[in-house]
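# Report on the structure
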Amino acid sequence: MQDEFLALLKNKYGVVFKNIDLLTQAFTHSSYVNEHRHLELNDNERLEFLGDAVLEVIVSDYLFKHFTELPEGKLTKLRATIVKEDSLAQFAKDCQFDRFIRLGKGEESSNGRKRSSLLCDLFEAFLGALYLDQGTDKVSEFIYQVVIPKVESGAFSHEMDYKTVLQEVLQKNGDILIEYVLVNEEGPAHERTFYVEVSAGGQVLGTGSGKSKKNAEQKAAEVALTALENK
């Protein structure tokens, strides 16, 4: 495994593998193994299977604890969006994993390094290797560095309508007026940040910010839901 990649894992994520062979296997595609049969290498497919399961448990645990008002169906839909192929492929790119996977010449020439399914499998294989090397807590720590911030920033808010959830919570016992008010704007026109307050019955429940008024409203609703949960 390249020293550059080992340094990246250590400096950016605090990950130092005890068993480098596991990490190497996670970054070895079946096409590379097929072209180097004399080396008796193992590809990353079994590690992918394990990493997929570990990822689903950790993400499920996070969603269950942080979205206590959501029913099972919405939790399942949100989890599916977070762990789907395109999402995991993007996480792999964000971590620069695509630079270091070992591919066969045919896979390399057909742009396999950019293929979403391959990068998704790679991300899961890395998690499987990390789990075997250091256990669930270390995998969870990594996921909370890479995946969870995207969830909290609203990257999957198209699947999580906090405004609708807040309305359902507040109107359980009858209609109540819910208002979203723009209270501030900052930054240049091309990179504006909007601040919105949400109130119900004249009481401010939460304030949120975002790069659009819609995102700021969603964030304000999320903050309000968290405050209500903690009461």
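Bear in mind the structure is a predicted one, so any value in this text is a computation, not a measurement.

## Overview of the packing of helix α8 (residues 116–134) against helix α9 (residues 136–146)
Packing of α8 against α9 brings their axes to within 7 Å, and their N-to-C directions diverge by 140°. In this structure, α8 contributes Phe123, Phe126, Leu127, Leu130, Tyr131 and Gln134 to the contact, and α9 contributes Thr136, Lys138, Val139, Phe142, Ile143 and Val146. For the contact of α8 with α9, the class distribution of residues is 9 nonpolar, 2 polar and 1 charged.

## Overview of the confidence of the model for the chain
Within the chain, residue pLDDT values average 90, and 97% of them lie at 70 or more. By mean pLDDT, the top-scoring element of the chain is α9 (97), and the lowest-scoring one is helix α11 (residues 162–170) (83).

## Let's talk about the UniProt feature "active site" (unreviewed entry) in the chain
According to UniProt, the "active site" (unreviewed entry) feature falls on Asp52 and Glu124. Their sequence span is 73 residues, while the largest C-alpha to C-alpha distance among them is just 5.3 Å; these annotated residues converge on one region. One can find Asp52 in helix α4 (residues 45–66). Residue Asp52 is classed as partly exposed on the basis of its relative accessible area of 34%. Within the fold, Glu124 resides in helix α8. Taking the relative accessible area as the measure of exposure, Glu124 reaches 6% and is therefore buried. The contact partners of Glu124, leaving out residues within four places of it in the chain, are Leu47, Glu48, Gly51, Asp52 and Leu88.

## Quick look at the state of the cysteines
All chains considered together, the criterion is met by 0 disulfides. Cys120 supplies the cysteine sulfur nearest to Cys95, a cysteine that is in no disulfide, at a spacing of 13 Å.

## Quick notes on the side chain of Glu217
Here Glu217 lies in helix α12 (residues 213–229). Within the local environment of Glu217, its side chain forms a polar contact with the side chain of Lys163, the two groups lying 2.8 Å apart. Those residues in contact with Glu217 that lie beyond four places of it in its chain are Lys163, Tyr180 and Val196.

## Concerning the pairing of strand β1 (residues 178–186)
Taken together, the 8 bridges between β1 and strand β2 (residues 193–200) define a ladder with antiparallel strand orientation. Paired with Ile178 across the two strands is Ala200, which belongs to β2. Connecting the antiparallel pair β1 and β2 is a turn made up of 6 residues, with Gly187 showing a positive phi of about 95°.

## Quick look at the sheet that holds strand β3 (residues 203–210)
Taken in spatial order, the 3 strands of this open sheet run β1-β2-β3, and their pairing is antiparallel. Only two strands of the sheet have a single partner each, and these edge strands are β1 and β3. Neighbouring strand axes in the sheet, compared pairwise and without regard to direction, differ in orientation by 20° on average. Judged from the 7 bridges that link them, β2 and β3 form a sheet pairing that is antiparallel. From the neighbouring strand, Phe194 faces β3, where its bridge partner is Gly210. Contacts from α11 reach β1, β2 and β3 within the one sheet, and its direction differs from that of β1 by about 140°.

Cut-off values and rules
Residues numbered from 1 in each chain as written. Predicted model: local features only at pLDDT ≥ 70, side-chain atom pairs only at ≥ 80, totals over all residues. Heavy atoms only, no water. Axes fitted to C-alpha atoms, helices over the stretch in contact; angles between N-to-C directions. Helix = DSSP H or I, 4+ residues; strand = E, 2+ residues; numbered from the N terminus. Contact = heavy atoms within 4.5 Å. Nonpolar A, V, L, I, M, F, W, Y, C, P; charged D, E, K, R; others polar. pLDDT = per-residue confidence, 0-100. UniProt positions renumbered as here; feature names shortened; annotations may be inferred. Buried < 20%, exposed > 50% of the residue type's maximum accessible area, 1.4 Å probe, protein only. Disulfide = S-S within 2.5 Å. Polar contact = N/O pair within 3.5 Å; in protein donor to acceptor, adjacent residues only side chain to side chain. Pairing = 2+ DSSP bridges.

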